[in-house]
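# Examining the three-dimensional arrangement
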Amino acid sequence: MPSSNALDPQSPLARAIYDLTIVSYIIFALIFVIVTGGIVYGILRFRGRAGELDPKQIAGNKKVELTWTIIPFLIVLLLFVLTIQAMNQGDPPPAPSADLVVTGHQFWWQADYPASGVTTANEIHIPSGKPLSVRLESADVLHEFWVPKLTRKESNVPGQHNHIWLQADKPGTYIGQCSEFCGTQHAWMRIVVVAEDPAQFEQWQQTQLRPAQAPTGGATAGGLELFRTSTCINCHAINGVPGANSRVAPDLTHVASRRQLGAGILENTPANMRSWLKSPQHVKPGALMPDFSFTDEQLDQLAGYLSTLQ
Ligand code: CUA
């Protein structure tokens, strides 16, 4: 399982934040050592001994007052300058048009690529080495998009457009998560970021743009029929299935090509797809997908059909 360790930056954007963190902690550690060292030294070296008079009082001493005002001021000034630099490196102004739009939903992520028209959910692909201008939106409540290894975090605010840059130095799989409490399943709002060679990324986009595979046999045809008649179609889109174009829930055109189900709660296997369809409320209580009480045969057909949607 790929990690989401913020202390392992994999892009210039994340590295700017990491470097600022490390420099800040070094400064804080030096301050801690000097201040506590001075206190301990003072306690040991200048402790009052029997028969000693009070030491000479130095209240209002200009030299001391200036020293302990100017030094902290310079430290804060240095941190301020370093922070401004990190903000400029980690958060440049947005591009005129977004490469990617990520919309938070309770409890999943929608991703749209305006230039190509690709729409997907909970798993985004990006070309490695290329910074993407990402617009963040929300369909319902506050969410927060955060892929710690790749970029800073930023809120998805209903009715507002926020912006981040997203980049990965090299191909790999990176995990992100919602980092603003958005309801019962906030913890299961993961996003998988797959960075790949630009050519591979282009191929992925072409595959995603294709309409869904048509059913190849009786059982999968039954699955498609169930999808159309069991109200799945009211929320989910499948490109190529007439009438299936709702954007309330994840687009299923290529659902079988994704690594995870339920925004990270299950690995995407045919067996897990079946468990999910059998009782989403058991797998992910509070998710907006209701239990449909499908029969075993219906579950086989529906899970079988969805598992063919590569
Ligand atoms: Cu979405 Cu927390």
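Located above this text is the structure these notes cover.
Residues numbered from 1 in each chain as written. Predicted model: local features only at pLDDT ≥ 70, side-chain atom pairs only at ≥ 80, totals over all residues. Heavy atoms only, no water.

This part is about the sheet that holds strand S5 (residues 132–138). Pairing in this open sheet of five strands is mixed, and the strands run S3-S2-S1-S5-S8 from one edge to the other. The open sheet terminates on both sides in strands that have one partner only, identified here as strand S3 (118–121) and strand S8 (162–166). Ignoring strand direction, the axes of neighbouring strands in this sheet form an average angle of 25 degrees. Relative to S3, helix H3 (residues 198–209) is tilted by about 90 degrees, and along the sheet it contacts strand S2 (108–113) and S3. (Pairing = 2+ DSSP bridges. Helix = DSSP H or I, 4+ residues; strand = E, 2+ residues; numbered from the N terminus. Axes fitted to C-alpha atoms, helices over the stretch in contact; angles between N-to-C directions. Contact = heavy atoms within 4.5 Å.)

To continue, consider the side chain of Ser155. Among the structural elements, Ser155 can be located in strand S7 (residues 154–156). A polar contact of 3.4 Å, which involves the side chain of Ser155, links it to the side chain of Glu180. With near-sequence residues (within four places) excluded, Ser155 lies in contact with Leu136, His143, Glu144, Asn162 and Glu180. (Polar contact = N/O pair within 3.5 Å; in protein donor to acceptor, adjacent residues only side chain to side chain.)

This brings us to the pairing of strand S6 (residues 143–146). Looking at chain direction, S6 and S7 are connected through three bridges and run antiparallel. Each bridged residue has a counterpart across the sheet, and for His143 the counterpart in S7 is Asn156. Across two bridges, the pairing between S6 and strand S9 (residues 172–178) is antiparallel. Bridge pairing in S9 links Trp146 to Gln177.

A few words on the packing of aromatic side chains. Enumeration according to the criterion identifies seven aromatic pairs in this entry. With centroids separated by 6.0 Å and ring planes inclined at 85 degrees, the aromatic side chains of Tyr41 and Phe46 adopt a geometry described as edge-to-face. One exposure class covers both Tyr41 and Phe46, and it is exposed. On the basis of an interplanar angle of 20 degrees and a centroid distance of 5.4 Å, the ring pair of Phe292 and Phe294 is categorised as stacked. (Phe/Tyr/Trp six-rings, centres within 6.5 Å; stacked < 30°, edge-to-face > 60°. Buried < 20%, exposed > 50% of the residue type's maximum accessible area, 1.4 Å probe, protein only.)

Counting residues in each nonpolar core, the largest one holds 27 residues, and the members touching the most others are Leu100, Ile124, Val134 and Phe145. Residue assignment for this core shows that the elements contributing at least two residues are strand S1 (100–105), S2, strand S4 (123–127), S5, S8, S9, strand S10 (190–196) and H3. Setting aside residues no more than four positions away along its own chain, Ile124 makes contact with Leu100, Ala111, Tyr113, Phe145, Leu166, Ile191, Val192, Val193 and Val194. (Core = buried A, V, L, I, M, F, W, Y, C linked by side-chain atoms within 4.5 Å.)

With that settled, consider the environment of Trp108. Position of Trp108 relative to the elements: it lies in strand S2. In this structure, the C-alpha to C-alpha distance between Trp108 and Phe292, residues 184 residues apart in sequence, is 20 Å. In this view, Trp108 contacts Thr103, Ala121, Asn122, Met189, Arg247, Val248, Ala249, Pro250 and Ala263; residues no more than four positions away in its chain are not counted.

Take the packing of helix H5 (residues 270–278) against helix H7 (residues 296–306) next. Relative to each other, H5 and H7 sit at 125 degrees, their axes nearing to 9 Å. In terms of their interaxial angle, H5 and H7 are classed as oblique. Helix-helix and strand crossings are classified by hand; for H5 and H7 the assignment is right-handed. Here H5 contributes Pro270, Met273, Arg274, Leu277 and Lys278 to the contact with H7, which in turn contributes Asp296, Leu299, Asp300, Leu302, Ala303 and Leu306. Broken down by class, the residue content of the contact of H5 with H7 amounts to seven nonpolar, no polar and four charged. (Parallel < 35°, antiparallel > 145°, perpendicular 65-115°, else oblique. Left-handed = near helix turned anticlockwise from the far one by under 90°. Nonpolar A, V, L, I, M, F, W, Y, C, P; charged D, E, K, R; others polar.)

Of note, His125 is situated in strand S4. C-alpha separation for the pair His125 and Ser4, spaced 121 residues apart in sequence, amounts to 16 Å. The contact partners of His125, leaving out residues within four places of it in the chain, are Tyr113, Val194, Glu196, Phe201, Trp204 and Arg259. Within polar-contact distance, the side chain of His125 engages the side chain of Glu196 at 2.8 Å. A distance of 3.3 Å separates polar atoms of two side chains, one belonging to His125 and the other to Trp204.

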